[in-house]
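# Coordinates in review
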Amino acid sequence: MSFPEYEKIFQDKIDQDIRIEPKDWMPDAYRKTLVRQISQHAHSEIVGMLPEANWITRAPSLKRKATLIAKVQDEAGHGLYLYSAAETLGTGRDEMIAQLHSGKAKYSSIFNYPTLTWADMGAIGWLVDGAAIMNQVPLCRASYGPYARAMVRICKEESFHQRQGFEILLTLSRGSEAQRRMCQDAIDRWWWPSVMMFGPGDDASPNSEQSMRWKIKRFSNDELRQKFIDVCVEQVKLLGMRLPDADLKWNEERQHYDFGPIDWEEFRNVINGNGPCNKERLAARVQAHEDGAWVREAAMAHAKKRAQMQKEDQKAA
Amino acid sequence: MENKNIEDRSGWPLWEIFIRSKQGLDHKHAGSLHAADAAMAIENARDVYTRRMEGISIWVVESKYIHASNPDEADSFYDPANDKVYRHPTFYDLPDELKHM
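Residues numbered from 1 in each chain as written. Chains lettered and ligands numbered in written order. Predicted model: local features only at pLDDT ≥ 70, side-chain atom pairs only at ≥ 80, totals over all residues. Heavy atoms only, no water.

Looking only at helices and strands, chain B features two helices and three strands. Along chain B, from the amino end to the carboxyl end, the secondary structure elements read β-β-α-β-α. For chain B, whose C-alpha radius of gyration is 21 Å, the value lies well above the compact-globule estimate of 13 Å for 101 residues. Along the three orthogonal principal directions, the C-alpha set of chain B runs to about 65 × 35 × 15 Å. Across the 101 residues in chain B, those meeting the buried criterion constitute 31%. Taken as a whole, chain B presents about 7300 Å² of accessible surface, with 54% of it coming from carbon and sulfur. The distance from the centre of the 12 positive side-chain charges to the centre of the 18 negative ones in chain B is 7 Å. (Helix = DSSP H or I, 4+ residues; strand = E, 2+ residues; numbered from the N terminus. Rg over C-alpha atoms; globule rule 2.2 N^0.38 Å. Buried < 20%, exposed > 50% of the residue type's maximum accessible area, 1.4 Å probe, protein only. Areas by Shrake-Rupley, 256 points an atom, 1.4 Å probe, with all protein chains shown as cover. Lys, Arg positive; Asp, Glu negative; His and termini not counted. Charge placed at Lys NZ, Arg CZ, Asp CG, Glu CD.)

A few words on the interface of chain B and chain A. Residue-level contacts link 27 residues of chain B with 29 residues of chain A. Buried area between chain B and chain A, both sides added, is near 2400 Å², and the carbon and sulfur share of it is 48%. Residues Arg 52 of chain B and Asp 74 of chain A are paired through a salt bridge, measuring 2.5 Å at the closest nitrogen-oxygen approach. Scanning the region where chain B abuts chain A turns up 11 residue pairs in polar contact (both at pLDDT 80 or more). A per-class count over the side of chain B that touches chain A returns 13 nonpolar, six polar and eight charged. (Contact = heavy atoms within 4.5 Å. Buried area = accessible area lost by both parts, 1.4 Å probe. Salt bridge = Lys/Arg side-chain N within 4 Å of Asp/Glu carboxyl O. Polar contact = N/O pair within 3.5 Å; in protein donor to acceptor, adjacent residues only side chain to side chain. Nonpolar A, V, L, I, M, F, W, Y, C, P; charged D, E, K, R; others polar.)

Our next topic: the packing of helix α3 (residues 49–56) of chain A against helix α4 (residues 62–87) of chain A. Residue and element names in this part refer to chain A. Running from N to C, α3 and α4 point in directions that differ by 160 degrees, and their axes come no closer than 10 Å. Here α3 lies roughly antiparallel to α4, going by the angle between them. The hand of the α3/α4 crossing is left-handed. Of α4, the residues touching α3 (which contributes Met 49, Glu 52, Trp 55 and Ile 56) are Lys 65, Leu 68, Ile 69, Lys 71, Val 72, Glu 75 and Ala 76. Its residues placed into classes, the contact of α3 with α4 shows seven nonpolar, no polar and four charged. (Axes fitted to C-alpha atoms, helices over the stretch in contact; angles between N-to-C directions. Parallel < 35°, antiparallel > 145°, perpendicular 65-115°, else oblique. Left-handed = near helix turned anticlockwise from the far one by under 90°.)

Quick look at the pattern of salt bridges now. Residue and element names in this part refer to chain A. Counted according to the given criterion, the structure contains 27 salt bridges over all chains. Notably, a salt bridge pairs Asp 12 with Lys 8, separated by 2.9 Å at the nearest N-O pair. Pair noted here: Asp 12 and Lys 8 are both in helix α1 (residues 3–15), with a separation of four residues, about one helical turn. In this structure Asp 12 comes out as partly exposed when scored by relative accessible area, which is 30%.

We now examine the sheet that holds strand β3 (residues 57–62) of chain B. Residue and element names in this part refer to chain B. Reading across the sheet, the three strands line up as β2-β1-β3 and stay open at both edges, with antiparallel pairing between neighbours. In the strand order of this sheet, the two ends are held by β2 (27–34) and β3, each with one partner. Mean inter-strand twist for the sheet, computed between neighbouring axes without regard to direction, equals 25 degrees. Examined bridge by bridge, strand β1 (residues 14–20) and β3 share six bridges and lie antiparallel to one another. Bridging from a neighbouring strand, Arg 20 pairs with Ser 57 of β3. The sheet strands contacting helix α1 (residues 38–49) are β1, β2 and β3, and the helix crosses β2 at an angle near 110 degrees. (Pairing = 2+ DSSP bridges.)

Shown next as structure tokens:
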């Protein structure tokens with residue numbers, strides 16, 4: 001078969017919503033796009049543990065501490081599901097991790113913001129995980145089988161993350177004046193970075209169209225962003241708090257909320273490494289990896305030795 | 001299964017993980033992970049794939065030992081079953097009055 005024939009069969013499958021599996025023929029660009037997107041997503045889960053780990057020892061109760069540990073464990077798990085999905089495309093986990101550490105691969109820039117108070121754990125759960133879920137639910141139908149299956153698992157587990165976050169804020173919102181202020185302050189700081197999590201506007205997102213044609217993406221950045229904003233405007237009322245956007249207003253004609261301009265300058269700055277915590281986050285990752293090197297080597301040496309002993313036992317028997 | 005034979009730089013091989021979700025059901029492919037040996041693969045699989053009681057039994061097998069049919073030859077490979085509709089019960093045209101069959 002010639003290349004155009006392969007490509008036609010491939011696109012036909014996509015058009016009929018037949019999933020692509022690892023050993024199926026696929027265009028190089030499709031493979032590359034997937035590796036980039038899935039590994040970036042995996043890195044985000046792994047780096048995403050850092051801002052929260054900061055609060056495990058400072059959680060206000062045993063219940064909150066246990067919850068936070070479980071959430072951080074989930075994130076490690078999500079990272080592993082995703083690395084595993086990306087590896088089916090022929091790129092090793094080591095290579096992906098090396099790309100993260102060298103700065104070649106990106107992770108979600110939301111994790112380059114600091115977690116200053118306990119309320120930030122609530123705001124991250126509600127807004128950051130909320131935005132992530134909005135992005136991830138359509139990915140459960142992505143055209144690449146292993147990715148879609150990983151996303152199904154992840155979405156099931158993320159729901160707890162968002163709910164525990166909202167509960168933290170709800171508790172604070174019913175607390176003392178100082179706690180209410182802390183709650184509002186966290187929302188103020190996390191709102192815009194969360195809105196930016198959906199990526200550049202559709203007119204500035206050149207790869208989106210191809211990703212939609214390949215059914216890796218099902219909705220555009222702006223569609224998902226709008227959906228997120230519409231949902232949050234209603235949810236924030238239950239907290240008795242406000243979102244830090246004076247332009248938020250129901251638009252009867254569009255049947256959506258209008259919102260104020262997004263500071264894309266800040267977005268680009270943080271992506272390009274100049275956010276408040278970029279250096280700290282990456283340094284923490286690299287250090288954890290390097291500090292763990294001897295453990296990985298020792299485990300391998302132990303496994304090899306044991307296999308060798310087993311072989312000798314078998315010979316002797 | 002779905003993977004090429006990928007080894008970590010530290011030498012940890014890749015393992016495919018199969019999980020039985022409850023007694024009476026088959027083990028089902030859940031995904032893969034890296035581990036130094038089988039015992040570690042089982043423990044890691046517990047932590048990665050059964051944090052919410054999704055399993056009561058885990059199988060692990062090193063990915064390099066899995067052989068798979070070739071998707072490019074799927075048409076000819078599964079061709080023998082294509083024209084044998086008579087293997088299905090619905091192929092047989094029987095009167096509606098016939099009960100319990």
